[in-house]
Every structure is written in C-alpha cells, then in structure tokens.
Amino acid sequence: MQLLCGRSAIITGAAQGIGRAMVDSFIEQGATVLAVDIKPLDGLLDADAHPKGLHVLQLDITQPAAPERIMRAASERMGGLDILINNAGIASFMPITETSDTAWDEVLALNLSSVFRICRDAVPLLKASSSGRIINIGSVMSTFGGAGLSAYAASKHGVAGLTKCLASELGEFAITANFIQPGAILTEITRGSIQQYPQMEAFWRDKAALGRWGEPSDIAPVAVFLASDLGAFVSGTGLVADGGAMQAP
Ligand SMILES: NC(=O)c1ccc[n+]([C@@H]2O[C@H](COP(=O)([O-])OP(=O)(O)OC[C@H]3O[C@@H](n4cnc5c(N)ncnc54)[C@H](O)[C@@H]3O)[C@@H](O)[C@H]2O)c1
C-alpha cells in the first residue's frame, strides 16, 4: 500500500543527502514531488526510479523572490500542495569569537529565515488541502548545544520554535507542523566535517546507542510517517532520529 498516493509535496535541498532520500521515498509512496535546490537537479529526472510525478526547480531559496516562485511552480505543475518539507540547510562549526556577522547571517538566512518565508507563503496552498503538512528539518541541535555550534544551534532552535508556533496557529485548518531531529547522518555536509575533523567519525559512532552513523534513508521514513495519514494526530513536536545518541549524557 502506498502511503502518499495523490499527495503533492515540496522538498527543498533535494539534490542530495537527506533531501534526495526523501524525494525517492515520497515518489515510491505515490506522491508528486517538486524538488527544489540551488544545485542542478537533472540527475533526479534521469533516474529510472522516477518515471512520473517529479518536477524540479533550481533556485537559491534565500533569494527574496524564491518562496513566491516555489509556490507558483507547485500550483502550476502539481495543482496545489499538501506537504511542505523545508530541508535545505548548511552546517557551520566555528567558535563564537571567530563568527563574523556575515557567517552568522549566512547560516540564519538559509537555516531559519528561508524556512519562515517558505512556510508563510505555503499557508494559502496548505489551507486548500484536506491534510496539510509542514515538516521542517531541525537537528538534535534544535534541543542541545555544543562548542562551536552557536550559529547552527541557534538556527535549529529557531526552527523548533517556529514549527511549534505554526502547529498552534494552523491546527484549525487541519494543518500539522512538526520538525525532524536527525543525529549524525552521513551526507556531504558531514563528510566535509569529518575530513576537517577526523575524530568526529568515531565520536558520533560511539555516542549512538546503535553504534553507527545514520544514513539519509534512516530519516526519509520518518518524513513519510509525518506526511501520511499515520501521522495525522502528531503536531507541534520534534521527532528525534539519532540512533540513541542523545539519550545519555
Ligand atoms: N547530515 C547530518 O548529520 C544532519 C544532522 C542534523 C540535521 N541535518 C539537517 O538536514 C538537512 C539536510 O542536510 P544534509 O546532511 O542532507 O546536507 P547536504 O549538504 O547533503 O544537502 C543540503 C542540500 O541543500 C541544498 N542547498 C544549500 N543551500 C541552498 C540554497 N540556498 N537554496 C537551495 N538549496 C540549497 C544543497 O545544494 C544540498 O543539495 C539540513 O537542514 C541539515 O541541517 C543534517
């Protein structure tokens, strides 16, 4: 049984990593997807696994006109919107004294402000759906902090606060809003960090109760659950998927 048959979804940051895995799972579950990324998405269209139901839009989501362009594409190409997934994000690791205004602004602009603007502009379309869903990709750093993570953790705590408020405000329109809190997942973001700080690999592997890093395919089913009828009564919460990394100090 397909869990997302007839549903239309926007997924940002869809060219690779967790976003790409969600595109694969959503198409597999019968959804129509508008995949958005600053990087070219032609590879997605070429994939044999995606014969139908996939639309792509290449743009920088931090640009002021981006939310309007995304919603227009969703209306014109998919005929509406049921599920919004704000996934695009960047990592940043720098001590506070080395965090320039520009670096701070760059992280907040993508990880938080673009999420706010895209959510805001999606609301009219989501209201027209009988089962509107907002799924924002937070992090375990939506709850915790860490040295060198001021900008990143602030942005992801912001995603948590924003999402909880959206759940309160939009419930009357049958729209749920949740955020997913991945732990350490092997993607381009983290491969880059591991190259820079090799000790990170063992640190997060040992921290996880399951004794391994996560894969993007560990996160995609969590999004499918929240997007489907199975998640209809879940709203205003963060779902942690970290292999048990944060349950013990
Ligand atoms: N990988 C992890 O360990 C981990 C852990 C917790 C949370 N997250 C979060 O998951 C999300 C996805 O991360 P990932 O690990 O798959 O990263 P990734 O770098 O593999 O993918 C991020 C995608 O976002 C796109 N993107 C970046 N800037 C953009 C912009 N301005 N406009 C449009 N698209 C843009 C990139 O091109 C890329 O395709 C992020 O929000 C990240 O913070 C990741």
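Right above here is the structure, for reference.
The sections below set out a description of the structure shown in this document.

Definitions and limits used
- Residues numbered from 1 in each chain as written.
- Predicted model: local features only at pLDDT ≥ 70, side-chain atom pairs only at ≥ 80, totals over all residues.
- Near = placed C-beta within 6 Å.
- Helix = DSSP H or I, 4+ residues; strand = E, 2+ residues; numbered from the N terminus.
- Nonpolar A, V, L, I, M, F, W, Y, C, P; charged D, E, K, R; others polar.
- Axes fitted to C-alpha atoms, helices over the stretch in contact; angles between N-to-C directions.
- Parallel < 35°, antiparallel > 145°, perpendicular 65-115°, else oblique.
- Left-handed = near helix turned anticlockwise from the far one by under 90°.
- Contact = placed C-beta atoms within 7 Å.
- Expected span 1.5 Å × (residues − 1).
- Buried ≥ 20, exposed ≤ 12 C-beta atoms within 10 Å, placed from the backbone.
- Pairing = 2+ DSSP bridges.

A short note on the site of the ligand
Point 1. Close to the ligand lie 27 residues; Gly-13, Gly-17, Ile-18, Gly-89 and Thr-187 are nearest.
Point 2. Breaking the shell around the ligand down by element, the ones donating at least two residues are helix 1 (17–28) and helix 6 (188–196).
Point 3. Taken together, the residues of the shell around the ligand sort by class into 12 nonpolar, 11 polar and 4 charged.

Here's the deal with the packing of helix 3 (residues 66–78) against helix 4 (residues 101–127)
Helix-helix packing is characterised by the crossing angle of the two axes and by the distance between the axes.
Point 1. Look at helix 3 against helix 4: their axes get within 9 Å of each other, and the N-to-C directions meet at 30°. Between helix 3 and helix 4, the crossing angle belongs to the class labelled roughly parallel. Of the two elements, helix 3 crosses helix 4, and the hand of that crossing is right-handed. Residues Pro-67, Glu-68, Ile-70, Met-71, Ala-74 and Ser-75 of helix 3 form the contact with helix 4, whose participating residues are Arg-117, Ile-118, Asp-121, Ala-122 and Leu-125.
Point 2. When the residues that make up the contact of helix 3 with helix 4 are grouped by side-chain class, the tally is 7 nonpolar, 1 polar and 3 charged.

A closer look at helix 4
Point 1. With 27 residues, helix 4 extends 37 Å between its outermost C-alpha atoms, agreeing within 8% with the 39 Å of an ideal straight helix rising 1.5 Å per residue.
Point 2. Listing the buried residues of helix 4 in full gives Val-107, Leu-110, Asn-111, Leu-112, Ser-114, Val-115, Ile-118, Cys-119, Ala-122 and Leu-126.

Let's talk about the sheet that holds strand 5 (residues 133–137)
Point 1. Read from one edge to the other, the open sheet built from 7 strands follows the order 3-2-1-4-5-6-7, with strand pairing classed as parallel. Two strands in the sheet have a free side with no partner beyond their single neighbour: strand 3 (54–58) and strand 7 (238–241). Within this sheet the neighbouring strands show an average axis-to-axis angle of 15°, counted without direction.
Point 2. As judged from the 5 bridges shared by strand 5 and strand 6 (residues 176–182), these two strands associate in the parallel manner. The partner of Ile-137 across the bridge, within strand 6, is Ile-180.
Point 3. Where helix 4 meets the sheet, it contacts strand 4 (83–86) and strand 5, and its direction lies at approximately 175° from that of strand 4.

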